[in-house]
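Secondary and tertiary structure notes
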Amino acid sequence: MVELRGKRILVTGGAGFLGRALVEGLRGAGPGEVIVPRYRDCDLVEQSAVRSLYAETQPQVVFHLAARVGGIGANQQNPGRYFYENMMMGANIIHEGWRARVAKIINVGTICAYPKFAAVPFREEALWDGYPEETNAPYGIAKKSLIVMAQGYRQQYGLNAISLLPVNLYGPHDNFDPESSHVIPALIRKFVEAKAQDRDDVVLWGDGTPTREFMYVEDCAEGLLLAAQRFDGPEPVNLGAGFEITIKELAELIARLTGFQGNIRWDTSRPNGQPRRMLDVSRAKELFGFTAKTPFDAGLERTIAWYLDQPRSNP
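Residues numbered from 1 in each chain as written. Predicted model: local features only at pLDDT ≥ 70, side-chain atom pairs only at ≥ 80, totals over all residues. Heavy atoms only, no water.

1. Some details on the overall build of the chain
Across its full length, the chain holds 10 helices and 12 strands. For 315 residues, the compact-globule formula gives about 20 Å, and the C-alpha radius of gyration of the chain, at 19 Å, lands near that figure. Over its C-alpha atoms, taken along the principal directions, the chain stretches across nearly 60 × 40 × 35 Å. Within the chain, the fraction of its 315 residues that count as buried is 52%. Residue pairs in contact within the chain that sit at least 24 positions apart in sequence constitute 82% of those at least 6 positions apart. The chain carries 35 positive and 37 negative side-chain charges, and their two centres are separated by 4 Å. (Helix = DSSP H or I, 4+ residues; strand = E, 2+ residues; numbered from the N terminus. Rg over C-alpha atoms; globule rule 2.2 N^0.38 Å. Buried < 20%, exposed > 50% of the residue type's maximum accessible area, 1.4 Å probe, protein only. Contact = heavy atoms within 4.5 Å. Lys, Arg positive; Asp, Glu negative; His and termini not counted. Charge placed at Lys NZ, Arg CZ, Asp CG, Glu CD.)

As structure tokens, then:
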């Protein structure tokens, strides 16, 4: 177990969506210092930059959140980039962290690593039962490889590295860029803009039948903190909310919460993505006492309210 109080803590991706929530949550743990490297100063894809970062900051605990991510379209357009950058960032953080003798690395993965047709709910043991969904396989495989790397470095070198697999996240400060956003911010933006423009309909990808699970970003940050302090094992652990909703139901819910009263049309020429996603969250509860607490409707309402307060939300 690792006590965070008084420690120098490095958070890669700390200025991002989940990172912002984690850094805020860390304040309650009383760290000595929280270090948030920025891309303009340190490209984590470059090993020399990561080696210099460790030498300059000398962290004792590292949360590796930085990732190159996006929705289905962004993954289709950037398979090589998403594999290479995610693989290299994680490999550099783990390897150079071992060289720098950090006390603990919390490696944050993705449920895109799971097989396309994994049995629902996804249990951690099923990670190697098949190939990931094709549209995000390069990203998912890169992140899955880092789980193996963390386990290998634990076995050979005694590195205390743990791997966590958060479900799809949402909340204030999410990415609402239509070119790279995930499904919840993308839907919020579409419906808000359609309402403002008095449009009769909104067109969405696929047929609405796939299911997803979503967790409020502050809940995820709490899970990361609990795992960092209470869990030291080699096995990957899911972080989720433990429920499943179809994309059609999600779209209808967000339409209602944003006040859009037009029609929803489905473009079935576009991909659905993975058929179903929902995690078995029992391991996280058993190993470090984590249970997500934010009701889905309440979390969506807070996210929509935050988005409407942003200047860019005015089409």
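2. Quick word on the packing of helix 4 (residues 79–99) against helix 5 (residues 137–157)
The geometry of helix 4 relative to helix 5 is characterised by a closest axis approach of 8 Å and an angle of 15 degrees between their N-to-C directions. Put simply, helix 4 runs roughly parallel to helix 5. By crossing handedness, the relation of helix 4 to helix 5 is classed as right-handed. Within the contact between the two elements, helix 4 uses Pro79, Tyr82, Phe83, Asn86, Met87, Gly90, Ala91, Ile94, His95 and Trp98 and helix 5 uses Pro138, Tyr139, Ile141, Ala142, Lys143, Ser145, Leu146, Met149, Ala150, Tyr153 and Tyr157. Each residue belonging to the contact of helix 4 with helix 5 can be placed in one class, and the counts come to 16 nonpolar, 4 polar and 1 charged. (Axes fitted to C-alpha atoms, helices over the stretch in contact; angles between N-to-C directions. Parallel < 35°, antiparallel > 145°, perpendicular 65-115°, else oblique. Left-handed = near helix turned anticlockwise from the far one by under 90°. Nonpolar A, V, L, I, M, F, W, Y, C, P; charged D, E, K, R; others polar.)

3. What to know about helix 7 (residues 217–230)
Here helix 7 contains 14 residues, and its C-alpha end-to-end distance of 20 Å stays within 8% of the 20 Å for a straight helix at 1.5 Å per residue. With 10 of 14 residues buried, helix 7 lies mostly within the body of the structure. What helix 7 keeps buried is the set Val217, Asp219, Cys220, Ala221, Gly223, Leu224, Leu225, Leu226, Ala227 and Ala228. (Expected span 1.5 Å × (residues − 1).)

4. Notes on the pairing of strand 4 (residues 104–108)
Every regular strand shows the same layout, with side chains that alternate between the two sheet faces. Counting buried positions along strand 4 yields 5 of 5 residues, so the element is predominantly enclosed. Side chains Lys104, Ile106 and Val108 of strand 4 all project onto a buried face; the interleaved residues Ile105 and Asn107 project onto the opposite face, where all are buried too. Pairing analysis gives 4 bridges linking strand 3 (residues 61–64) to strand 4, with the strands arranged parallel. Its bridge partner being in strand 4, valine 61 is matched across the sheet by lysine 104. (Pairing = 2+ DSSP bridges.)

5. Quick look at the side chain of asparagine 160
As for its position among the elements, asparagine 160 is in the loop between helix 5 and strand 5 (161–166). Taking the relative accessible area as the measure of exposure, asparagine 160 reaches 15% and is therefore buried. Of note is the side chain of asparagine 160, whose polar atom sits 3.2 Å from the side chain of aspartate 232. With residues up to four places along the chain from it excluded, the contact list for asparagine 160 reads Val2, Ala103, Lys104, Ile105, Arg154 and Asp232. (Polar contact = N/O pair within 3.5 Å; in protein donor to acceptor, adjacent residues only side chain to side chain.)

6. Observations concerning the sheet that holds strand 4
One open sheet accounts for 6 strands, arranged 2-1-3-4-5-10; its pairing is parallel. Since the sheet does not close on itself, it has two edges, and those belong to strand 2 (33–35) and strand 10 (237–239), each with one partner. Averaged over all neighbouring strand pairs, the angle between strand axes comes to 20 degrees, with direction disregarded. One ladder, built from 4 bridges, connects strand 4 with strand 5; its direction is parallel. Following the sheet pairing, isoleucine 106 is matched in strand 5 by isoleucine 162. Its contacts with the sheet put helix 1 (residues 17–26) on strand 1 (8–12), strand 2 and strand 3, and the angle it makes with strand 1 is roughly 165 degrees. Along the sheet, helix 2 (residues 47–57) contacts strand 1, strand 2, strand 3 and strand 4; its crossing angle with strand 1, the most-contacted strand, is approximately 155 degrees.

7. A look at the packing of aromatic side chains
Per the stated rule, a full pass over the model turns up 12 aromatic pairs. Here the aromatic rings of phenylalanine 231 and phenylalanine 288 are separated by 5.8 Å at their centres, their planes lie at 40 degrees, and the arrangement is tilted. In this pair, phenylalanine 231 sits in the loop between helix 7 and strand 10 while phenylalanine 288 sits in helix 9 (residues 282–288), placing the two residues 57 residues apart along the sequence. Note on accessibility: phenylalanine 231 and phenylalanine 288 belong to one class, buried. Considering the side-chain rings of phenylalanine 243 and phenylalanine 296, the 5.1 Å spacing of their centres and the 50 degrees angle between planes classify their relative orientation as tilted. Within this pair, whereas phenylalanine 243 is found in the loop between strand 10 and strand 11 (245–246), its partner phenylalanine 296 is found in helix 10 (residues 296–308), the two being separated by 53 residues in sequence. (Phe/Tyr/Trp six-rings, centres within 6.5 Å; stacked < 30°, edge-to-face > 60°.)

8. Re helix 2
For helix 2, the full list of buried residues reads Val50, Leu53, Tyr54 and Thr57. Buried residues in helix 2, looked at end-on, bunch into an arc of 95 degrees, giving them a common side. In helix 2, those exposed residues whose orientation departs by more than 90 degrees from the buried face are Ser48, Ala55 and Glu56. The secondary structure elements touched by the buried residues of helix 2 are strand 1, strand 2, strand 3, helix 4 and strand 4. Where helix 2 terminates, the next one or two residues include glutamine 58, which has phi positive at roughly 50 degrees. (Arc of directions from axis to C-beta.)

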